[in-house]
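Observations on the model geometry
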Amino acid sequence: MSLLYSPFMINALIGIILGGITAMITGALSTLRNVHYLSAEVTHSALGGAAIGALIYSQIEYEPIIFITATTFSIISSIITGYIVRERGVEATGLAIGVVLAISLSTYSIVIGTLKAELIIKVNSYLLSDILLITYSDLMGMTLISFIGLIVLIAFYKELIYVCFDMEGAEALGLKTKIYDYMAFALIGATGAVLARAMGALLIYALAILPAASSIELSNSTSKIFIYTFTISLIAGLAGILISLTLNLPTSGTIAATATTIYILIKMAKKII
Amino acid sequence: MSIINVENLTVTYDKIVALEDVTFKIDTPSINIIIGPNGAGKTTLLKAIMGLVKTTRGRIEVLGLNPMEKSFEVRKLMGYIPQRDRVMEGIPMKVTDVILMGIATKREWPRIISREDLKEAENIAEFLGIKDLMNKTFNQLSGGQKQKVLLARALISKPKILMLDEPFNGVDVISQYSIMEKLKELRKINGTTILLVTHDINPVIELAENVMIINRRVIAFGKVHEALNEESLSKAYGGGRIIFAEGKCYSIIGDTHHR
Ligand SMILES: Nc1ncnc2c1ncn2[C@@H]1O[C@H](COP(=O)(O)OP(=O)(O)O)[C@@H](O)[C@H]1O
Ligand SMILES: [Mg+2]
């Protein structure tokens, strides 16, 4: 159990908290904006971005570049989707997400074949993170973005909710909705990249999309959607890491399984009550 | 005195001409019903008056202001209730917060809500008979209740002009009547000018002072008895009959949606 007190463990715990914060922002906001699978898209864009970042890294040997490129890709992909949704309506979402996903994943597939083994591991951590191996520089970047994301969410909470609830009405009331809508998409993208690094894109459904979907059913206010999503992700993260260490199972998979179990339990509890 | 002045307005989206050469004036106070088939450009007309869509040609003035250039000033004078299918009804927003949105959006950031604002929201809710709903969430309400909440949101900033887009869709008849009573009261007591869009005039015919029949162009505009005749209805809807019975007027229109 000495692992519990190791620096790995402290990094992992910070990673889980950041994962909770970012799952909350990317998951709840994309659900509220009615673009449910956008958080899945952006985390996979982060994967494509990480692959490009690794390519750049092999030239310049600057480690943070991988996270920076991943985040940049994720934000850009979210904003492009936002543009398509705004221009063509929510009906176009499926196609928009499909196209961006296809581009990100093919970028990933092409680049990954050209990388050295150690870099492949780094890139693949965006697909399925080994939370015990988060580096210090990644943790700094993740903390910074989660913190900024949280501040922006709190500062512009009303505006973001208004835009999600009733874009036309808000615009007619005099709100500059375009700015806040793109702010929402940028937030979804930026926090999605952190979540990909913390937990891995493969866990996005378990950690962000399902919790947000169940939260919207449970909540009797918009802020509770955020609080519940955060709580579910956090509990899943903590329980998952303890279970995985005790039973010697892969951490990320255990976290995902825990989150899914919580989701199913909530569903069942709702049926009974 | 005319409060809205539209001259030769044409609005096009990409290649679709939604409105063509539309000219009319609206006096204040008044209750104006705008009817026309689906896709006639009714919503587009309201949005153009608010400066929410670009005009391709022509001129719009609201209290002497151009709504595209002075959008913020113009929107301050107006209350707008969008077609309800444009609202994300599944979001559990508190009714109080929906009503207060009418004030907060018109403030500078951080859009602080004061005690007086809350009191004002309560007063409006009281006026519309929805005070007991204030702690519920929007997604728990019936169609009629939702519509009243959106009306409250529009009224809280005391608009001079109130525009409602198909407010009776999915609203039970009793709520329709209570909403109409409130609109009459607003017109009478506050001198509010009301523009109400609908594709079916029958529920609102008693409310109407003026009727505009529109199908891309203005087909008729005037007092109910002048504007509403079989010729103009058939121009707009491709057929229709008017029946006057017991001092009431009924229009029977085919359910065709061509233009
Ligand atoms: N944002 C838009 N982009 C492209 N076409 C539009 C848009 N909004 C409306 N239209 C088209 O303009 C016409 C008028 O629409 P609208 O004003 O919504 O009619 P109504 O409210 O009378 O049903 C329709 O043919 C509609 O398809
Ligand atoms: Mg319409």
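Residues numbered from 1 in each chain as written. Chains lettered and ligands numbered in written order. Predicted model: local features only at pLDDT ≥ 70, side-chain atom pairs only at ≥ 80, totals over all residues. Heavy atoms only, no water.

Attention now goes to the interface of chain A and chain B. Between chain A and chain B, the residue contacts involve 26 residues of the former and 29 residues of the latter. Of the roughly 2,500 Å² buried at the junction of chain A and chain B (both faces included), carbon and sulfur atoms supply 63%. Considering only the side of chain A, the residues that lose the most area to chain B are A:Phe165, A:Glu168 and A:Leu173, jointly responsible for 34% of the buried surface there. In this assembly, chain A and chain B are joined by 5 salt bridges. Put simply, chain A and chain B have 10 residue pairs in polar contact (both at pLDDT 80 or more) between them. When contributions to the side of chain A that touches chain B are tallied by element, the ones reaching two or more residues are helix H7 (157-165), helix H8 (167-172) and helix H11 (222-247) of chain A. Broken down by element, the side of chain A that touches chain B gets its largest block of residues, 6 residues, from H7(A). Looking at the side of chain A that touches chain B, its residues break down into 14 nonpolar, 7 polar and 5 charged. (Contact = heavy atoms within 4.5 Å. Buried area = accessible area lost by both parts, 1.4 Å probe. Salt bridge = Lys/Arg side-chain N within 4 Å of Asp/Glu carboxyl O. Polar contact = N/O pair within 3.5 Å; in protein donor to acceptor, adjacent residues only side chain to side chain. Helix = DSSP H or I, 4+ residues; strand = E, 2+ residues; numbered from the N terminus. Nonpolar A, V, L, I, M, F, W, Y, C, P; charged D, E, K, R; others polar.)

All names here are of chain B. Ligation of the magnesium ion (ligand 2) by protein atoms is provided by Thr-43 (OG1) and Gln-83 (OE1), these donors lying 2.0 to 2.4 Å from the ion. Here Gln-83 lies in the loop between strand E5 (78-81) and helix H3 (95-104) and Thr-43 lies in helix H1 (residues 42-50), a separation of 40 residues in the sequence. Owing to a relative accessible area of 17%, Gln-83 belongs among the buried residues under this scheme. (Donors = N, O, S within 2.8 Å, 3.2 Å for Na, K, Ca; no water. Buried < 20%, exposed > 50% of the residue type's maximum accessible area, 1.4 Å probe, protein only.)

Another point: the packing of aromatic side chains. Under the counting rule described, the total for this entry stands at 6 aromatic pairs over all chains. For the ring pair A:Phe156 and B:Trp109, a centre distance of 5.6 Å and an interplane angle of 35° mean the geometry is tilted. In this pair, A:Phe156 is assigned in the loop between helix H6 (136-155) and H7 and B:Trp109 in the loop between H3 and helix H4 (115-128), connecting two distinct chains. Overall, A:Phe156 belongs to the partly exposed group, its relative accessible area being 21%. Note on B:Trp109: relative accessible area 45%, which makes it partly exposed. The interplanar angle of 70° and the centroid separation of 5.8 Å between the aromatic rings of B:Phe24 and B:Phe221 together place this pair among those described as edge-to-face. Of this pair, B:Phe24 sits in strand E2 (residues 16-27) while B:Phe221 sits in strand E9 (residues 217-223), and the two are 197 residues apart along the sequence. On the accessibility criterion, B:Phe221 (30% relative accessible area) is partly exposed. Aromatic ring contacts, followed pair by pair, group A:Phe156, A:Tyr180 and B:Trp109 into a single cluster. Looking at A:Arg197, its charged tip hangs above the ring of A:Tyr126, at a distance of 5.8 Å from the centre. The ring of B:Phe127 has B:Lys182 lying over it, and the distance from NZ or CZ to the ring centre is 4.8 Å. (Phe/Tyr/Trp six-rings, centres within 6.5 Å; stacked < 30°, edge-to-face > 60°. Lys NZ or Arg CZ within 6 Å of the ring centre and 35° of its normal.)

Bringing the domain arrangement of chain B into the picture now. Residue and element names in this part refer to chain B. Partitioning chain B into domains gives domain 1 (1-77 + 159-259) and domain 2 (88-158). One C-alpha centre belongs to domain 1, the other to domain 2, and the line joining them spans 25 Å. Taken together, the contacts link 18 residues of domain 1 with 12 residues of domain 2. Across the domain 1 to domain 2 interface the summed buried area is about 1,200 Å²; carbon plus sulfur atoms make up 68%. Contact with domain 2 buries surface across domain 1, with Pro-159, Ile-179 and Lys-182 losing the most and accounting together for 36% of the total. The interface formed by domain 1 and domain 2 holds 0 salt bridges in total. The interface formed by domain 1 and domain 2 holds 3 residue pairs in polar contact (both at pLDDT 80 or more) in total. (Domains from an automatic or database assignment.)

Another aspect to go through is the pairing of strand E6 (residues 161-165) of chain B. Residues and elements named next belong to chain B. Burial analysis of E6 places 5 of its 5 residues in the buried class, the great majority of the element. The alternating pattern of E6 places Ile-161, Met-163 and Asp-165 and Leu-162 and Leu-164 on opposite faces, both of which are buried. Relative to E6, E5 is paired through 4 bridges, and the arrangement is parallel. The residue bridging Gly-79 from the neighbouring strand is Leu-162, located in E6. As judged from the 5 bridges shared by E6 and strand E7 (residues 193-198), these two strands associate in the parallel manner. Following the sheet pairing, Leu-162 is matched in E7 by Ile-194. (Pairing = 2+ DSSP bridges.)

With that out of the way, let us pick up the sheet that holds E5(B). Residue and element names in this part refer to chain B. Reading across the sheet, the 6 strands line up as E5-E6-E7-E3-E8-E9 and stay open at both edges, with mixed pairing between neighbours. What marks the edges here is a single partner per strand, and that holds for E5 and E9. Pairs of neighbouring strands in the sheet enclose a mean axial angle of 15°, with direction left out of account. Relative to E9, strand E8 (residues 210-215) runs antiparallel, the two being bridged by 6 bridges. Along E9, the bridge assignment pairs Val-211 with Gly-222. Sheet strands in contact with helix H5 (residues 143-155) are E5 and E6, and its direction is about 160° off that of E5. (Axes fitted to C-alpha atoms, helices over the stretch in contact; angles between N-to-C directions.)

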